[in-house]
Amino acid sequence: MKNVYFFNGTAYAGKSTMVKRLAEKYNGIACGENYHDALLEGLDSNEFPCLTYTRDLKDWHDFVRRTPDEYEAWIRGVTKECEILELRILHDLVKQNQGKKIFVDTNICPETLRRISDERHVVIMLADPEISVRRFFERPDREKQFLYRLMLEEPDPEAALNNFRECLKRVNSRENYDAFLHCGFPVIHRDESRSIEDTMTMVETILGL
């Protein structure tokens, strides 16, 4: 993994942007958000029950009706299953692209990253947890707007929206934020007054690029 650079952290912190920009600048490979989806179709639902939950879902209203406890448990399961797939994909990418830099928006947890990488190849990017809740439906992402429409179709749309916001608060908690903050890897905090170029310079310095 000596040519692999990992970005983990919270939502809305700029991980995907950095991965894309760095890959372009260094003629590298960008593994953007959810790049493991390339393997989704062939997954065994017994081995990967959380990742295949949405693949096999018959009624998407069930997705937005889950309680915060159910949603949090699913997200934790997805993260663990994603780590397995990411390691498989990265192993093949490294083998097939000897010497080429690979930039990864990753779900691989800090504990695993310590075993497979080193401090100069990992950046933790953090945004205030409230941003993930407040701005979730502001993005024009097709998936987010699809979920928003589903909640508007519920018998009590306001209750459905409030329930989903609670789900988002649970997985974007201050506790999870602090775990990343104190994980031991270099941290960059989201700063609205800082340009993308300045953030990129900070990242390059950390990674020694």
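Quick caveat, the model's predicted, so the values are computed rather than measured. (Residues numbered from 1 in each chain as written. Predicted model: local features only at pLDDT ≥ 70, side-chain atom pairs only at ≥ 80, totals over all residues. Heavy atoms only, no water.)

(A) Structural context of helix H8 (residues 157–171). Along its 15 residues, H8 runs 22 Å from first to last C-alpha, staying within 8% of the 21 Å computed at 1.5 Å per residue. Listing the buried residues of H8 in full gives Ala-160, Leu-161, Phe-164, Cys-167, Leu-168 and Val-171. Viewed along the axis of H8, the buried residues span an arc of 115°, placing them on a single side of the element. Elements that come into contact with the buried residues of H8 comprise helix H3 (61–64), helix H4 (68–96), helix H6 (129–134), helix H7 (142–152) and helix H9 (174–181). (Helix = DSSP H or I, 4+ residues; strand = E, 2+ residues; numbered from the N terminus. Expected span 1.5 Å × (residues − 1). Buried < 20%, exposed > 50% of the residue type's maximum accessible area, 1.4 Å probe, protein only. Arc of directions from axis to C-beta. Contact = heavy atoms within 4.5 Å.)

(B) Representation of the packing of helix H1 (residues 15–25) against helix H10 (residues 196–207). Close contact between H1 and H10 brings their axes to 11 Å; oriented N to C, the two are set at 75°. Overall, the two elements H1 and H10 adopt an arrangement that is roughly perpendicular. Residue-level inspection shows Thr-17, Met-18, Arg-21, Leu-22 and Lys-25 of H1 in contact with H10, the latter providing Ile-196, Glu-197, Thr-199, Met-200, Val-203 and Glu-204. Grouping the amino acids of the contact of H1 with H10 by side-chain chemistry returns 5 nonpolar, 2 polar and 4 charged. (Axes fitted to C-alpha atoms, helices over the stretch in contact; angles between N-to-C directions. Parallel < 35°, antiparallel > 145°, perpendicular 65-115°, else oblique. Nonpolar A, V, L, I, M, F, W, Y, C, P; charged D, E, K, R; others polar.)

(C) Local environment of the packing of H7 against H8. Relative to each other, H7 and H8 sit at 135°, their axes nearing to 7 Å. On the basis of the axis angle, H7 is oblique to H8. Across the interface between the two elements, Leu-147, Tyr-148, Met-151 and Leu-152 from H7 touch Pro-157, Ala-160, Leu-161 and Phe-164 from H8. Of the residues assigned to the contact of H7 with H8, the class counts are 8 nonpolar, no polar and no charged.

(D) Structural view of the side chain of Ser-117. Note on placement: Ser-117 falls in the loop between helix H5 (110–116) and strand S4 (122–126). Overall, Ser-117 belongs to the buried group, its relative accessible area being 15%. If we ignore the near neighbours within four places in the chain, the residues touching Ser-117 are Phe-6 and Val-122.

(E) The arrangement of unusual backbone geometry in detail. The backbone of Tyr-12 shows a phi angle near 65°, a positive value even though the residue is not glycine. In this fold, Tyr-12 is placed in the loop between strand S1 (4–9) and H1. By relative accessible area, Tyr-12 is classed as buried at 8%. A positive phi angle, close to 60°, is found at Asn-34, a residue other than glycine. Tracing the sequence through the fold places Asn-34 in the loop between strand S2 (29–31) and helix H2 (51–55).

(F) Representation of the sheet that holds strand S5 (residues 187–189) in the model. Spatially, the 5 strands line up as an open sheet ordered S2-S3-S1-S4-S5, and their pairing is parallel. Looking at which strands have only one partner, the edges of the open sheet turn out to be S2 and S5. Across the sheet, the mean angle separating the axes of adjacent strands is 20° when strand polarity is ignored. Here S1 pairs with S4 via 4 bridges, running parallel. Paired with Asn-8 across the strands is Ile-124, a residue of S4. Relative to the sheet, H4 contacts S1, S2 and strand S3 (102–105), its axis offset from that of S3 by approximately 170°. (Pairing = 2+ DSSP bridges.)

(G) Layout of H7. Every buried residue of H7 is listed here: Lys-144, Leu-147, Leu-150 and Met-151. The buried residues of H7 all sit within an arc of 120° when viewed along its axis, so they share a single face. Buried positions along H7 lie against H3 and H8.

(H) Structural context of the environment of Leu-87. Residue position: Leu-87 is located in helix H4. We classify Leu-87 as partly exposed; its relative accessible area is 25%. For Leu-87 and Asp-105, which are 18 residues apart along the polypeptide, the C-alpha to C-alpha distance reads 13 Å. In this view, Leu-87 contacts Ile-108, Thr-112 and Ile-116; residues no more than four positions away in its chain are not counted.

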